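The lines below spell out each chain.
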Amino acid sequence: MSRPRADSLDSLGPDDEVVPYSDDETDDELEQDEDEEEVQPTVPAAEPEAGWQVKVNDRDFCKLPEFKKKSFLCFKKSKYSGNAIKTYKYNVLTFLPLNLYEQFKRAANLYFLALLILQIIPQISTLPWYTTLVPLVLVLGITAVKDLIDDLVRNCAGFLLSMRVKFQEAKWMDIQVGDVVRLKKNDFIPADILLLSSTEPNSLCYVETAELDGETNLKFKMGPKVTHERLQEESQLAAFDAMILCEEPNNRLDKFTGTMKWRREMYPLDLDNMLLRGCKLRNTEECRGLVIFAGADTKIMRNGGKTRFKRTKIDFLMNYMVYTIFVVLVLVCAGLAIGHSFWYQEIGSLAWYLYDGKSDTASYRGFLSFWGYIIVLNTMVPISLYVSVEVIRLGQSKFINWDLQMYYAEKDTPAKARTTTLNEQLGQIEYIFSDKTGTLTQNIMAFKKCTIGGRTYGKSLSLADFSWNKYADRKFQFYDGHLISCICSKKDAEMMEFFKLLSLCHTVMVEQKDGELVYQAASPDEGALVTAARCFGFVFLSRTQDSITVSEMGTENTYEMLALLDFNSDRKRMSIILRFPDGRIRLYCKGADTVIYQRLNPSSKHKETTQHALDGFANETLRTLCLCYKDISAADYNSWAQKHKEASVAMSNREQALDSVYELIETNLMLIGATAIEDKLQDGVPETIAKLAKADIKIWVLTGDKKETAENIGYSCELLTDDMQIYYGEDVNEKLSGRMMRRRNEPDGGRNKKAKEPFFTGDGKNALIITGGWLNEILCEKKKKRRRLRLRRLGKRPRPTNPQDGQPADDWEKELRQKDFVDMACECSAVICCRVTPKQKANVVSLVKRYKNAVTLSIGDGANDVNMIKTADIGVGISGQEGMQAVMSSDYAFAQFRYLQRLLLVHGRWSYIRMCKFLRFFFYKNFAFTLVHFWYSFFNGYSAQVAYEDWFITLYNVLYSSLPVLLVGLLDQDVNDTLSLRFPKLYLPGQKGALFNYRNFFISLFHGIFTSLIIFFIPYGAFLQTMGQDGEAPSDYQSFAVVTASSLIMIVNLQISLDTSYWTFVNCFAVLGSIAIYFGVMFDIQSAGIHVLFPSAFTFTGVASNSLRQPYLWLTIILTVGISLLPVICIQFLCKTIWPTEGDKVQRHKKKYELEEEVKKKPPAFQRGGRSRRSAYAFSHSRGYADLIASGRSIRQKPRARPELRDSIREAPQAENI
């Protein structure tokens, strides 16, 4: 569906075509703008009131004291940044303190530091202090080394980036403000540079700005006239000593104001003179420029946002659980301390055999007992937990790096996990924010179909043969050989006019290089159309200021160009008026069907059939343009030309005057046909989006591209479908304002919380398409403040004293409005934000994180995506055609958007399941281990004595129970990767956090309590009044410790076996090996030989061999293990049988699914005959090169007789592969 755009003169709505860079404006600037507009300056080159001064070729100037600013305490540094960009977190000085700060933000590390301090006090500790110090240092050290390695990888990548461009062997990082630099063709711009001169006429310079704004069309820049004339030689550049005065560094990509002082003259500077960092020099052999802003001061870095330390939801949850455990621990220890005080007062002090020679009171002994139990029960939070988590995350990252199904062979690009701390978060993503250009699309336009004279071409399966045309592009393909036959016959006049129009009506510029023609297109669309005309025999050869030369089926003709009516976003069309060699005057026009059909002559033919073809093209999501012409008499043209001349020299509202004059001539047009261009998506994009949608992941597209283009791609990638109701910015604003008005009319002003009312009450699907201007309007950003000031001054709007205008009256209402917007957007099946700035992209991500508390992922490939990549919980960089800026700032990187489904649905889901299973079991096994001390305290007078042998306590988490659970965290999988992708619903538990939360934590706690009860009391009961085979009672403390420890080891290792879904040889070896290691180590450390060597450290001499030779004790161990595991087996059986989860259902039929053939690909959503949208128009560029062509500044000289061209004409790289 299509909507007419509101007239910006009569409406208060923002311009949909403008990217609203207003992030750096302040209220002072707005008021200043108001004053400036009231008093117009009379001197155009007035010195700006800015403090940024640049002295050319003078580095010492930037180091003067007046340019110093305070950086830390009394230290000062220059306000001029160097060009080195920091892509790492640490340096030599900050590594140790910053890394320790990050690690001690983990509650468990702080807990063990406090425990270490307690163990130093001899009256409290029952264990030596080094038993805690050594593991703590080991944990901190391993984590620090891992973080350092990660950071060095980032640092190295940043270093390589700095070497992409060299000028006199200087790296990017060595460039400073005030330097004069020289750049070559296809170089990236290393800083924000004032263009001084180039090898092109009038110091023109063509740049590709895809990394800045996502637009792939070339833009031209031009050096000041004075520098073009005087700074062409190296000696002149070396002697250049101007002073530049300009605005302070800011993030406004659409604005630059400055003045150049040189030789007592002042020259104005604006954005057309600037080459911004991140752009790429194209079709210009060489240019020279002056560095104005460097490094962090450049506009693209100002839009980049801050580097954030990212942590997963599970990390935060673990912290809170550690706090919970600590609270439980304190309560338990307090209870046991009270028990010890009571016991000592009633029993201990009266028993002469318990007298220890101290006269401490019962209360003081209870106080010491409290701290003793804090140390004894410390293993409820084992320090090995975080080391194990880091090992698992490292392993998961390696699996991502090694995944050959995410390897892009065409560019030799593997997937890369650039961080090792966020893997399980990949299994919890709820919202994906994606860039469009280069992320969803390939930035390649292809001429796919056309309709000429009511007949559609391009539907055939036969590939057209262009071998007859020596100028044809070898890469060009068109599936309809009949069109070639018709052209070669030259019998169809409309067909000849169709391709003649394509070769003449454009702003493409051409130049000869090495005998070949190179096209410079203002957009990839125009490049594709002119290339198509060339392949079909109509070759654009050259142009001058007032003529165009083409080869028409081998015949060369030159047409006089009388006027070029350029494209803009309001007109949505462009025209050219030509005088034919025979003297006829004809207007050719191409544009959107919505504007062309309004201007057609009533007698024009083929309107219905062409409209039907356009509907078909729209259903196939092709980008369409209508082509038409009009013959003009000499008298009519002369009359119109006079009006055109008057409008072109108007002193005010020149653009509006020209548009009005254009309207006069662009009437009564005769329709020829229409073109259909495909903006190629990356492979697998629609399938990936559909699969992620089934996993209940919402995808928002945030792009700087035009609204029509973004909407068209939305349909192409099946994010938008024909059954969706689309709402635009004005609709959203109306709904939000209406809700705010209703809220104000409520008695409490809407401040009491109540059930939310949905914005959309119907059952159908909804989609939201909103531009950056409307986004600022809806969220009440500063651009709106500027507009209100202007309207207030013009008397068109009263001062906002009455809040009944639908706008927020205070910050509370503004926050509610933002929340309402997020709620409305989240009710939609699809959201597309277009013409948005990099900062707006980040703000949208922040709003969803803030109001939905959702896990977000941002994916992009350009520098304009860096801010949102840093803002999201997970940032993914596409190593595509827009440089490596996004990859450098990302957490994960790969080459194609389609790999995202595997990253999330396979690696992310597996990582989440593994981590949750690991944590649940880790807490369980430590509760079961530690709480035995609690039950034992009831029989030892609450004296903080341990129930196990000291060495068993030391080795339990290191050797006896760590490896099986670690392998589950690394290797376990409920279903294989194929089934994970086949059943996206398996992803839902991760989004809900269902596998690890407080409920699971308390289940693990109570499971551990149950197991510890069984482990303690069954051996205790078995040991009462028991006699061994040798007539001796085995019911001593040491034999009891061996039996409980043996039972514990077998239970925890068999329990993890029950929880393992994916068995390998390594898992079997780990479980059986852990049990074997336990018995082997126990027999060794309880042998007589080691006791002789270390009598004080090994006191359980011969206990193991003496106890475990008793069959009665083996029966006790077996009984303990059986009673502990039997309830778990029963519960698991009942749950899988009666209340199976989605995963259980898939596992039940896993063999069946694995034997089935691959699911057939579903048919495309867009079938012929479906409901079509009004227009598929999506021309991807703004104003073209018409002014440049008409001025003659781009033309070196009128071409003389042209030599023979080579057998091929090549197109500039940007038209092929931007």
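Worth saying up front: this structure is predicted, and the values here are computed from it rather than measured.

Some points on the overall build of the protein chain
Moving on, step 1. Looking only at helices and strands, the protein chain features 42 helices and 33 strands.
Moving on, step 2. Burial statistics for the protein chain: of 1218 residues in total, 57% are counted as buried.
Moving on, step 3. Partitioning the intrachain contacts of the protein chain with sequence separation of at least 6 by distance along the chain shows that 76% fall at a separation of at least 24.
Moving on, step 4. Carbon and sulfur atoms form 57% of the exposed surface of the protein chain, whose accessible area is close to 52,800 Å².

Looking at the sheet that holds strand β17 (residues 455-457)
Moving on, step 1. Spatially, β17-β16-β26-β25-β24-β23-β22-β21-β20 is the arrangement adopted by the nine strands of the open sheet, whose pairing is antiparallel. One side of each edge strand has no neighbouring strand; the edge strands of this open sheet are β17 and β20 (538-543). The mean angle between the axes of side-by-side strands here comes to 30°, regardless of whether they run parallel or antiparallel.
Moving on, step 2. In this sheet, strand β26 (residues 670-681) lies alongside strand β16 (residues 441-452) in antiparallel orientation, the contact comprising eight bridges. When the sheet's bridge partners are listed, Phe447 is paired in β26 with Ile677.
Moving on, step 3. Strand contacts of helix α20 (residues 707-716): β16, β25 (623-632) and β26, with the helix running at about 65° to β26, the strand carrying the most contacts.

Overview of the environment of Ser846
Moving on, step 1. With respect to the helices and strands, the residue Ser846 is situated in helix α25 (residues 838-852).
Moving on, step 2. The spatial distance from the C-alpha of Ser846 to the C-alpha of Asp873 is 9.9 Å, given a sequence separation of 27 residues.

What about the UniProt feature "active site" (unreviewed entry) in the protein chain?
Moving on, step 1. The UniProt entry lists Asp435 under the feature "active site" (unreviewed entry), expressed in the numbering used here.
Moving on, step 2. Considering the arrangement of structural elements, one finds Asp435 in the loop between β15 (431-434) and β16.
Moving on, step 3. Since its relative accessible area comes to 0%, Asp435 is described here as buried.
Moving on, step 4. Of the polar contacts made by the side chain of Asp435, one reaches the side chain of Lys841; its length is 3.5 Å.

Here we look at α25
Moving on, step 1. End to end, α25 covers 21 Å across 15 residues, agreeing with the expected 21 Å (1.5 Å per residue, within 8%).
Moving on, step 2. Buried residues of α25: Pro838, Gln840, Lys841, Ala842, Val844, Val845, Leu847, Val848 and Tyr851, and no others.
Moving on, step 3. With its phi angle positive at about 50°, Asn853 sits one or two positions after the end of α25.

Some details on a nonpolar patch on the surface
Moving on, step 1. Residues Phe316, Tyr320, Tyr323, Tyr998, Phe1002 and Phe1006 make up a contiguous nonpolar surface patch of about 630 Å² in total accessible area.
Moving on, step 2. Turning to its location among the elements, Phe1002 is positioned in helix α33 (residues 998-1023).

So, the sheet that holds strand β27 (residues 698-702)
Moving on, step 1. Strand order in the open sheet formed by nine strands is β14-β33-β32-β31-β15-β27-β30-β29-β28, with mixed pairing between adjacent strands. Only two strands of the sheet have a single partner each, and these edge strands are β14 (416-417) and β28 (724-727).
Moving on, step 2. Relative to strand β31 (residues 856-860), β15 is paired through four bridges, and the arrangement is parallel. Paired with Phe433 across the bridge in β31 is Ser858.

Looking at the nonpolar core
Moving on, step 1. Core analysis: the biggest nonpolar cluster contains 98 residues, and Phe918, Leu919, Phe952 and Leu1048 have the highest contact counts within it.
Moving on, step 2. No other element matches helix α28 (residues 899-937), which puts 17 residues into this core.
Moving on, step 3. The residues contacting Phe918, other than those within four sequence positions of it, are Leu385, Ser388, Val389, Ile392, Val965 and Gly969.
Moving on, step 4. Membership of the second largest hydrophobic core comes to 65 residues, among which are Leu502, Ala528, Val530 and Ala1186.

Notes on the pattern of salt bridges
Moving on, step 1. Throughout the structure, instances matching the rule amount to 38 salt bridges.
Moving on, step 2. Members of the salt-bridge network, linked through shared partners, are Glu497, Lys500, Glu552, Arg586 and Asp631.

Focus: the environment of Asp58
Moving on, step 1. Within the fold, Asp58 resides in the loop between β1 (52-55) and β2 (68-72).
Moving on, step 2. As a C-alpha pair, Asp58 and Asp179 span 121 residues in sequence and 7.4 Å in three-dimensional space.
Moving on, step 3. At a separation of 3.3 Å, a polar atom in the side chain of Asp58 contacts the main-chain amide nitrogen of Phe61.

Quick look at unusual backbone geometry
Moving on, step 1. Non-glycine residue Lys572 carries a positive phi angle of around 55°.
Moving on, step 2. You can see Lys572 is positioned in the loop between β22 (555-565) and β23 (573-579).
Moving on, step 3. By relative accessible area, which is 16% here, Lys572 ends up buried.
Moving on, step 4. Notably, Ala944 is not glycine yet its phi reads approximately 60°, a positive angle.
Moving on, step 5. Tracing the backbone shows Ala944 in the loop between α28 and α29 (950-960).

Let's talk about empty space enclosed by the protein
Moving on, step 1. In this structure the tally under the stated criterion is ten cavities of 30 Å³ or more.
Moving on, step 2. The volume enclosed by the second largest cavity comes to roughly 80 Å³.
Moving on, step 3. Contributing to the lining of the second largest cavity are Tyr948, Glu949, Phe952, Tyr960, Ala1041, Val1042, Ala1045, Tyr1078, Met1082, Ile1085, Gln1086 and Phe1100.
Moving on, step 4. Broken down by class, the residue content of the lining of the second largest cavity amounts to ten nonpolar, one polar and one charged.

Details of the pairing of strand β10 (residues 265-270)
Looking along a regular strand, one sees side chains alternate from face to face of the sheet.
Moving on, step 1. Across six bridges, the pairing between strand β9 (residues 257-262) and β10 is antiparallel. What sits directly across from Lys261, in β10, is Met266.
Moving on, step 2. Counting the residues that bridge the hairpin from β9 to β10 gives two residues, and of these Arg263 lies at a positive phi of roughly 55°.

What to know about the state of the cysteines
Where two cysteines share a covalent bond between their sulfur atoms, that bond is called a disulfide.
Moving on, step 1. Enumeration according to the criterion identifies zero disulfides in this entry.
Moving on, step 2. No disulfide involves Cys626; its sulfur sits 7.5 Å from that of Cys628, the nearest cysteine.

Side note on the packing of aromatic side chains
Moving on, step 1. One pass over the structure, following the stated rule, counts 60 aromatic pairs.
Moving on, step 2. Look at Phe499 and Phe536: their rings are 4.8 Å apart centre to centre, the planes differ by 35°, and that puts the pair in the tilted class. A residue pair is termed long-range when its members are at least 10 positions apart, and Phe499 in helix α13 (residues 493-504) and Phe536 in the loop between α14 (524-535) and β20 qualify at 37 residues.
Moving on, step 3. On the basis of an interplanar angle of 85° and a centroid distance of 5.2 Å, the ring pair of Tyr960 and Tyr1078 is categorised as edge-to-face. With a gap of 118 residues between them, Tyr960 in helix α29 and Tyr1078 in helix α35 (residues 1065-1085) connect regions that are remote in the sequence. The same class applies to Tyr960 and to Tyr1078, which are both buried.
Moving on, step 4. Each member of the aromatic cluster is reached from another via a ring pair, and the members are Phe934, Trp935, Tyr936, Phe938, Phe939, Tyr942, Phe1016, Phe1017, Tyr1020, Phe1023, Tyr1037 and Phe1040.
Moving on, step 5. When the ring centre of Phe316 is taken as origin, the NZ or CZ atom of Arg311, which lies over that ring, is 4.9 Å away.
Moving on, step 6. Directly above the ring of Phe922 sits Lys925, whose terminal nitrogen or CZ lies 4.3 Å from the centroid.

Conventions adopted
- Sequence order sets the numbering: in each chain, residues are counted from 1 along the sequence as written.
- Local features in this predicted model are restricted to residues whose pLDDT is 70 or higher, and side-chain atom pairs enter the listing and the counts only when it is 80 or higher, whereas totals over whole chains, interfaces and linings include all residues.
- Derived side-chain values reflect all non-hydrogen atoms in the structure, with water molecules and hydrogen atoms excluded from consideration.
- Helix and strand labels come from DSSP, where a helix needs a run of H or I of at least four residues and a strand needs a run of E of at least two; each type is numbered from the N terminus.
- Burial status follows relative accessibility: with a 1.4 Å probe on protein chains alone, a residue under 20% of its type maximum counts as buried, one over 50% as exposed, and anything between as partly exposed.
- Any two residues whose heavy atoms approach within 4.5 Å at even a single point are treated as in contact.
- Residue exposure ignores everything except the shown protein chains as possible cover, and the areas themselves are Shrake-Rupley values with a 1.4 Å probe.
- Pairing between strands is defined by DSSP: at least two bridges between the two strands are required.
- Throughout, an axis means a line fitted to C-alpha atoms (over the contacting stretch in the case of helices), and angles, computed between N-to-C directions, take values from 0 to 180 degrees.
- UniProt positions are given in the numbering used here, feature names are shortened, and annotations may be inferred rather than shown by experiment.
- Within 3.5 Å is the distance limit for a polar contact, defined as a pair of N or O atoms, with the added protein rule that one can donate a hydrogen and the other accept it, and that residues adjacent in sequence qualify only through two side-chain atoms.
- Residue count minus one, scaled by 1.5 Å, sets the expected span of a helix.
- Two distance rules govern patches: like charges are joined within 9 Å, and nonpolar side chains (Val, Leu, Ile, Met, Phe, Trp, Tyr) within 5 Å, applied only to residues with over 30% relative accessible area and no salt bridge.
- The salt bridge criterion pairs a side-chain nitrogen of Lys or Arg with a carboxyl oxygen of Asp or Glu, the two atoms within 4 Å.
- Nonpolar core, defined: a set of buried Ala, Val, Leu, Ile, Met, Phe, Trp, Tyr and Cys residues in which side-chain atoms within 4.5 Å join the residues together.
- Cavities and pockets are found on a 1 Å grid laid over the protein atoms alone: a cavity is a set of points where a 1.4 Å probe fits but cannot escape, a pocket is an open set with protein on both sides within 12 Å along at least five of seven lines, and a lining residue has an atom within 4 Å of such a point.
- Grid points are joined across faces, edges and corners, and a volume is the space filled by probe spheres set on the points.
- Three classes are used, and their members are as follows: Ala, Val, Leu, Ile, Met, Phe, Trp, Tyr, Cys and Pro are nonpolar, Asp, Glu, Lys and Arg are charged, and the others, Gly among them, are polar.
- Cysteine sulfur pairs qualify as disulfides if the two atoms are within 2.5 Å.
- Side-chain rings of Phe, Tyr and Trp, where Trp is taken by its six-membered ring, are said to pair if the distance between their centres is within 6.5 Å; with planes under 30 degrees apart they count as stacked, over 60 as edge-to-face, and otherwise as tilted.
- We count a charge as sitting over a ring when the NZ of a lysine or the CZ of an arginine lies within 6 Å of the ring centre and within 35 degrees of the ring normal.

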